[in-house]
Every structure is written in structure tokens, then in C-alpha cells.
Amino acid sequence: MTALTAMAGCTLQTPASAPPQPVETLPHLTINPAKDNSAYLRNYYAKIQASRLVHDQLRRDGGGPDTPFTDAMLARNFERIAFNSEYTRVGNRRITQEHAVKLTRWTRPVRFGLNFGDAVPEEQREVDRQVFAPYVARLARLTGHQISAASGAVPIGVNFTVFILTESERRASATALRRAVPGISDADLYQIANLNRDTQCVVFAGDRDDDNRIERAVAVIRAELPDLMRTACIHEELAQGLGLPNDSPLARPSIFNDSDEFGLLTSHDELLLQMLYDKRLQPGMTADEARPIFTKIAAELMGGSA
């Protein structure tokens, strides 16, 4: 793999409104370990999720009457999300700096594989499996692309691997990551091993020969996240790994927005995926080249709304 892009990382944002009153059901910190201990992190993220829900974030309704959008807004959001990337490579490092990119997506079949660290409890694995398989099927329906989930003890043909790992497992995951994405750089492995505590999950995608055709991808999700936040990571990282590398503060209702208002893929996001895999668009197109096409597609999908 000659190109590996950090397509997205789901990072906690601080709500702008005043903090809520204490919630009695929030878990209490009863241990005093180092802050990278899984028990500490489970407690930390449980409090974060409770706070998000108090602030009406992580919505699961897909949008509604309070989040209207037009075809012009959809086209604008598609351009910002599909033709820009959150990250820029500077030497061997990736920094958070948005820059323009060409349209990038999969042209070969996508085969998802879900891998758990040994320390992830079986009951948690079952929760995630129940989310994962139906969501992969949904992505296949939306894109019209050949997308499937591997099953069985020895998954075959996986080219998009999703790891759900504890803190210590993630720090020791270099061998598994190299197996999932041959050619992944030491700098990328370092970034994955040393995620900031407020980065919940991350996805990397690689295209051979820089041809904007994704061939391999890997997503890493923290096992310490509570159920809803893990589900939100599955929804966002798998969708972004299909070729939507950016976020936009104007995209609403959308998971491609760092406000965390929506936790699960929305009606707006479904249209973005349909646009991305419309055969009238081709990998390698610039925004200027593609704009007349995706503007027309957006109008068609929205029934010509203004």
C-alpha cells in the first residue's frame, strides 16, 4: 500500500451549554488507577455518554421536522465531506488540518471483518455483532456496491477490518494491524497506539498507487466505550471508511459533524452514501469536475427541492 489516509477519528467535543445538574445514576469512580486503565476509561466514557444524553446528543432518530435540508444543502455538504479530508500529512505525522482531496471510494467488493480483543467480554461482543451485521447490510443496500460481512471462525477475504480493543490491547496491536493493512507505516501504528483519551475511534484507508480506489481499511474502536458510543463509532467509522473522509459543522442531520448531535446514520447521511457510489461519479474526480454531476444527483434524490 503506497497511500494510507487517516480518514476520520471520532473525538469528544465539549458541549457549549451550561453543564447539567448531577445525575444520580452516573457511575462513581471508586478506583484510583493510572488514567489509561480500562476500568478508569469505562467509568470515564460512561459519564461522557450520560452527559451527552442529558444534552440531547447522540440522537438515534435519523433526523426529523426539526432538521430540514434542501438539495442545495445536500450538495454543499457532500462536497465538504467527500472532497476534503480532516487530516494532512506533515512528514511522518498526521495533523488535524483540512485540505482538498479527490473523490475516493471502493471499486472492488468490500468485505468487513469484526475482530475483538481477548479481554472484551462475550456479552459485549454479542451486542456489537447485533449492530455490525445489519449495519453492513444497510450500507450495501444504500450504496448498491458489493459489501458483505465475513462470518465464521476464520474470516476469508476481509479487506476492511474493524477492531474493538481494550486500552492495553490497542497499544499492543501493531502485528494485527500490519496483517490487516500491509504497508501501514510506523507513524500510523504509533498514532493508533497512542490515541488521545478523547478520541473514541479512528479509521484508516489505503489506496494502491494513489489512484483514489480504496483497497484496504482498518477501524479501531475502544472497547471501554458504553454500548451507544460503540454503536456510534461503528456507524461513523464504517461509513467514513467507504470514502467520506471529512466532517462539516453545517451538515445536519448527520453523523459527519463533530457536534455529536446525532449518534447513528441519518436520512441525510444515507443520501451522501448514495451520491458517493453513483456511477456518474468516478474515483479521482476533483470537486470542480464533479460539482455539476453531484448537484444534479442531489436534486434528483431530493425531488428537486430548492
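None of these values were measured; they are calculated from a predicted model.

*Asks:* Report on the overall build of the protein chain, specifying residues and quantitative values.
*Replies:* The helix and strand tally for the protein chain stands at nine helices and nine strands. Buried positions account for 52% of the 306 residues belonging to the protein chain. Counting only contacts in the protein chain whose residues sit at least 6 apart along the sequence, the fraction spanning at least 24 positions is 72%. Total accessible area computed for the protein chain in this model is approximately 13,700 Å², and 52% of it derives from carbon and sulfur atoms.

*Asks:* A description of the packing of helix 2 (residues 71-82) against helix 8 (residues 267-276) should follow, citing residues and the corresponding values.
*Replies:* Where helix 2 meets helix 8, the axes come as close as 10 Å, and the angle between the chain directions of the two elements is 65°. Taken as axis vectors, helix 2 and helix 8 run roughly perpendicular relative to one another. Between helix 2 and helix 8 lies a crossing whose hand is right-handed. Counted together, Leu74, Asn77, Phe78 and Ile81 of helix 2 and His268, Leu271, Leu272, Met275 and Leu276 of helix 8 form the full contact between these two elements. A per-class count over the contact of helix 2 with helix 8 returns seven nonpolar, two polar and no charged.

*Asks:* Describe the packing of aromatic side chains, listing the residues and the values that go with them.
*Replies:* A complete count under the given rule lists eight aromatic pairs for this structure. Ring centres of Tyr44 and Tyr45 lie 5.2 Å apart, and the angle between their planes is 70°; this geometry places the pair in the edge-to-face category. Per residue, the accessibility class of Tyr44 equals that of Tyr45, and both read buried. Sitting over the face of the ring of Tyr44, Arg197 holds its NZ or CZ atom 4.1 Å from the ring centroid.

Cut-offs used in this document
Residues numbered from 1 in each chain as written. Predicted model: local features only at pLDDT ≥ 70, side-chain atom pairs only at ≥ 80, totals over all residues. Heavy atoms only, no water. Helix = DSSP H or I, 4+ residues; strand = E, 2+ residues; numbered from the N terminus. Buried < 20%, exposed > 50% of the residue type's maximum accessible area, 1.4 Å probe, protein only. Contact = heavy atoms within 4.5 Å. Areas by Shrake-Rupley, 256 points an atom, 1.4 Å probe, with all protein chains shown as cover. Axes fitted to C-alpha atoms, helices over the stretch in contact; angles between N-to-C directions. Parallel < 35°, antiparallel > 145°, perpendicular 65-115°, else oblique. Left-handed = near helix turned anticlockwise from the far one by under 90°. Nonpolar A, V, L, I, M, F, W, Y, C, P; charged D, E, K, R; others polar. Phe/Tyr/Trp six-rings, centres within 6.5 Å; stacked < 30°, edge-to-face > 60°. Lys NZ or Arg CZ within 6 Å of the ring centre and 35° of its normal.

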